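# Remarks on the overall topology
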Amino acid sequence: MMCRPHRPVISALLIDISGTLHVGKTPTPKAVDAFHRLRESSIPFRLCSNSSKESSTDLAKRLESLGFEISFQSKKEDFVYPGSHNSQILWTSIAAAAQLVKNMNLEKPLLLLSESAASEVLSQLSPNGRSALESVDNCYDSVVVGLSPSSFDYGHLNEAFRVLKGEHKCKVHDQQATPSVPLIATHKAKYIQTDDGLSLGPGPFVTALETATGVTAHVVGKPSKAFFNMVIDDIKLSEPLSDPAKLGKGAATNDRGKIAVIGDDVEADLGGGAVELGLWRVLVKTGKYRPGDETRKGIVPPDEIYDSFSDFIDSLLK
């Protein structure tokens, strides 16, 4: 464990899920107990997941089954999507993708998603959009990519390529220029941790589509600045940041202290927007972490490194 002695006061936490709280069906060491102790403290927190192989509702149910009580409304009609004025604990990249599809008024996306994740996007479409998706000759107006191994074959990727290039078989040929078709990616993680080891994430496949088509993806999950800002704004709207006096001594950078982000991927969790926003970045040696990740070329070293989420919470709550 490495702990730098000059940690600022931490006013709120953004917590990665997969690899940080659990790996597959197994919680990381003492994570459930640490999570419960954090809930009992005065420190506001949000769970921030790039998991896009399942819907937010299914992810919440899985966390509950592992012992993480997140008080999440599991009914679809009760789910609070990003951008609303209501507070929520769980924030996911698939929910952010669904919201972007809605905000862009897209009706016929080609979904390279699992059935569970696709259901979340489809729930945000207009009735007209949902019916259009059932048509065999449907002309897609966008491509949405998440973690869907069964979709990452030549046939599916080539179909996405053709949609983005305006070469889909149902294209309407006329004299007008083909409108730009957006590519929406839940995230661009290069790899993920699975039960049997590291596996490819959606990032390489998104990059392949970008390279082949010249279309830049709208990346909605971590570590985009927009995703972190969305979650931070929710914290500020729903509750005042914790009183530094309640969190012990610390060299706070302002009156309230810093918001910290904790995760097992120094790039996908702690890079990009986390660096731009000046978040206090905590790396844990669980999940996809491998020795030397924090010293790789081009990596901004984290502010702190701990063996596990539990170890960091122990240090924070002392």
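Reference entry: report on the structure contained in this document. A quick note: this is a predicted structure, and the numbers were derived from the prediction, not measured. (Residues numbered from 1 in each chain as written. Predicted model: local features only at pLDDT ≥ 70, side-chain atom pairs only at ≥ 80, totals over all residues. Heavy atoms only, no water.)

In the contact formed by helix α3 (residues 93-103) and helix α4 (residues 115-122), the axes pass within 8 Å of each other and the chain directions differ by 35 degrees. For the element pair α3 and α4, the recorded crossing hand is right-handed. Side by side, α3 and α4 meet where I94, A95, A98 and V101 of the first sit next to A117, E120 and V121 of the second. Considered class by class, the residues forming the contact of α3 with α4 number six nonpolar, no polar and one charged. (Axes fitted to C-alpha atoms, helices over the stretch in contact; angles between N-to-C directions. Helix = DSSP H or I, 4+ residues; strand = E, 2+ residues; numbered from the N terminus. Left-handed = near helix turned anticlockwise from the far one by under 90°. Contact = heavy atoms within 4.5 Å. Nonpolar A, V, L, I, M, F, W, Y, C, P; charged D, E, K, R; others polar.)

Before going further, it helps to examine the pattern of salt bridges. Tallied over the full model, the rule gives twelve salt bridges. Among the salt bridges present, the one from D234 reaches R46, with a minimum N-O distance of 2.9 Å. Of the two residues, D234 is situated in helix α8 (residues 225-238) and R46 in strand β4 (residues 45-49); the sequence distance between them amounts to 188 residues. Overall, D234 belongs to the buried group, its relative accessible area being 5%. R62 is the partner of E54 in a salt bridge, and the nearest nitrogen-oxygen pair spans 2.4 Å. On the basis of relative accessible area, E54 is assigned to the buried category, the value being 11%. Judged by relative accessible area, which is 22%, R62 ranks as partly exposed. Taken together, the shared-partner salt bridges in this structure form one network comprising K190, E267, D293 and R296. (Salt bridge = Lys/Arg side-chain N within 4 Å of Asp/Glu carboxyl O. Buried < 20%, exposed > 50% of the residue type's maximum accessible area, 1.4 Å probe, protein only.)

Direction vectors running N to C along helix α1 (residues 31-40) and helix α10 (residues 309-317) enclose 30 degrees, while the axes themselves pass 8 Å from each other. Here α1 lies roughly parallel to α10, going by the angle between them. When you trace α1 past α10, the crossing you get is left-handed. Where α1 approaches α10, its residues A31, A34, F35, R37 and L38 are matched on the opposing element by F309, S310, I313, D314 and L317. Here the residues of the contact of α1 with α10 sort into seven nonpolar, one polar and two charged. (Parallel < 35°, antiparallel > 145°, perpendicular 65-115°, else oblique.)

Our next topic: the packing of aromatic side chains. Aromatic rings in a pair are described by how distant their centres are and how their planes are angled relative to each other. Scanning the model with the defined rule gives five aromatic pairs in all. Measuring from ring centre to ring centre gives 6.3 Å for F227 and F228, while their planes differ by 75 degrees; the resulting arrangement is edge-to-face. In this pair, the class of F227 matches that of F228, namely buried. An aromatic cluster is defined as three or more aromatic residues linked by ring pairs; in this entry it consists of F35, F45 and F68. (Phe/Tyr/Trp six-rings, centres within 6.5 Å; stacked < 30°, edge-to-face > 60°.)

Turning our eyes to something else, we now look at the pairing of strand β10 (residues 197-200). Where strand β9 (residues 191-194) and β10 come together, four bridges link them in antiparallel fashion. Each residue of the ladder has a partner; that of Q193, found in β10, is L198. What sits between the antiparallel neighbours β9 and β10 is a turn of two residues. (Pairing = 2+ DSSP bridges.)

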